[in-house]
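So you can see what is in the structure, the chains are spelled out below.
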Amino acid sequence: MQRRLPIFFLFFFSFLGNVYAQDRLELADTLLINGDTIIMLGDSIIFKQQVKPVYWEKGGNFSLSIQQVSLSNWNAGGSSNLAWNTALTLFANYKKDVIIWDTKLNINAGFNRQAGRSFPTRKTNDNFIFLSKYGRELSNFWFLSTQIDARTQLLAGYRYFRPAGAEVDSRSKLSDLLAPAYIQSSTGLNYRRDFKNKDRISLIASPFTGRFTVVMDDSLSNAGAFGVIPGERVRPEAGLSFGSTSDIQLYENIRWRADLNLFTNFESLGNFVVNFNSIISMRVNKFISTRIETILIYDEKVFIQQDTGPPKQAIQFQNMINFGIGLDF
C-alpha cells in the first residue's frame, strides 16, 4: 500500500498539470497574420505556420548515350565511328480548384560520325514536340479543354545516295527547321484521371480542330513538299482530332509515357494523320537508365523518296534503344 501512494500522487499531479496547461492554451491570445497563427501564452509565443497549397508540379528528365569504336589495322573489317544521342523532357502541370493546365516539351537529337565516307557526320534523330493543354473541370474526371500541339525539328535533314557511275555519295535536302512544322489547335471534351505512383491518363476528343502545315524553306516550298501549294508556306486545314497522353508505372523502375494524336480533315473524313510517340524508361540506378523510344508518323500528304522508283506514301517509323546517363529533376 505504501508503494502505491507515491504512484497515485504522481499521476494525480500530472493530470492537474495537463488540465492547467490546456486551460492556459484556451485562454491564450491569438493573432492571425496572412494566414499564419500566432499564440501568445504568457511570455511565450507559439508560431503555427499555415501549410501553403501547391498548385504547380514541375520536373523533367535528361538522358545522354555515347558509343565510340576505334579501329586500326583491324583484319575483321569495319570502320571507326562515334555515335551519340540525347533527349530532354520538361513538364509543368498546374491545378487549382476547377482549372488545369498541363505543358510538356520533348527535344531529341542524335548524330553518327563514321570515318571513310562522304559527309561523315549524319543526323540520326531530331524531334521537337511541344504540348500545352488548358481545361476547366465539368465533373470529377471530365474537362472542357483547349490544346496546342506543335511539332518540328531543329536541323536540316538529308537523303544520302550515290548517283550511277559516281564514286562518292551525294545528298538532297528533305527537311529543315520549320520545314515542316505542324501546329494544331483543338477544343473539346477531355477525360483526365490521376492514379497512384503519379500515373495519369488523358483523352481528348475535339470536333473543332485547326491544323497548319508550315514550310519556311524556299526550295521545299517551291517543290510543294509536305502538301503545301507550290510557292506557298502554309497549308491550313480544319477537321476532327483525337489525342491521348499516358504516363504509367509498369513495374518498379520501369515507366511508360506515350502520346497519340489523330487528325482527319473535313474534306476527307476517315483519312487520318497519325503521330505516335512512346518512351519506356528502365532505371538501373539514380544516374543510369535505358530508354526505348518509338515514333510512328503517317500523313497521306507526305511522299517519301524511295531507294528506287518515285516517291510514295509510307509509314515513317523510328525506334531507338539508348543506354547511358539518365537524370530526373
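Everything here concerns the structure above.
None of the values given here were measured: they were computed from a predicted structure. (Residues numbered from 1 in each chain as written. Predicted model: local features only at pLDDT ≥ 70, side-chain atom pairs only at ≥ 80, totals over all residues. Heavy atoms only, no water.)

Peer 1: Sorry, what's going on with the packing of aromatic side chains here?
Peer 2: Each aromatic ring pair is described using two quantities: the centre-to-centre distance and the angle formed by the ring planes. Across all of its chains, the model carries eight aromatic pairs by this definition. Ring geometry for tryptophan 56 versus tyrosine 94: centroids 5.0 Å apart, planes at 50 degrees, classification tilted. With tryptophan 56 in strand β4 (residues 56-69) and tyrosine 94 in strand β5 (residues 81-96), this residue pair connects regions lying 38 residues apart in the sequence. Taken together, the ring pairs connect Tyr55, Trp56, Tyr94 and Trp101 into an aromatic cluster. Here lysine 58 stacks its cationic end above the ring of tryptophan 56, 5.4 Å away from the centre of that ring. In this structure, lysine 96 is placed above the aromatic ring of tyrosine 55, and the distance from its NZ or CZ to the ring centre is 4.9 Å. (Phe/Tyr/Trp six-rings, centres within 6.5 Å; stacked < 30°, edge-to-face > 60°. Helix = DSSP H or I, 4+ residues; strand = E, 2+ residues; numbered from the N terminus. Lys NZ or Arg CZ within 6 Å of the ring centre and 35° of its normal.)

Peer 1: Would you mind showing me how to read the layout of surface pockets here?
Peer 2: A water-sized probe rolled over the atoms picks out the places where empty space is left. What the largest pocket holds in volume is close to 1600 Å³. With nine residues, strand β7 (residues 121-137) is the single largest residue contributor to the lining of the largest pocket. Looking at the lining of the largest pocket, its residues break down into 22 nonpolar, 16 polar and 11 charged. Volume-wise, the second largest pocket comes out at about 1100 Å³. Along the wall of the second largest pocket there are 46 residues; nearest its centre are Thr89, Phe91, Asp247, Arg255 and Arg257. At six residues, the largest contribution of residues to the lining of the second largest pocket is made by strand β15 (residues 272-283). (1 Å grid on protein atoms, 1.4 Å probe; cavity = no way out; pocket = protein on both sides within 12 Å on 5 of 7 lines; lining within 4 Å. Points joined across faces, edges and corners; volume = space filled by probe spheres on them. Nonpolar A, V, L, I, M, F, W, Y, C, P; charged D, E, K, R; others polar.)

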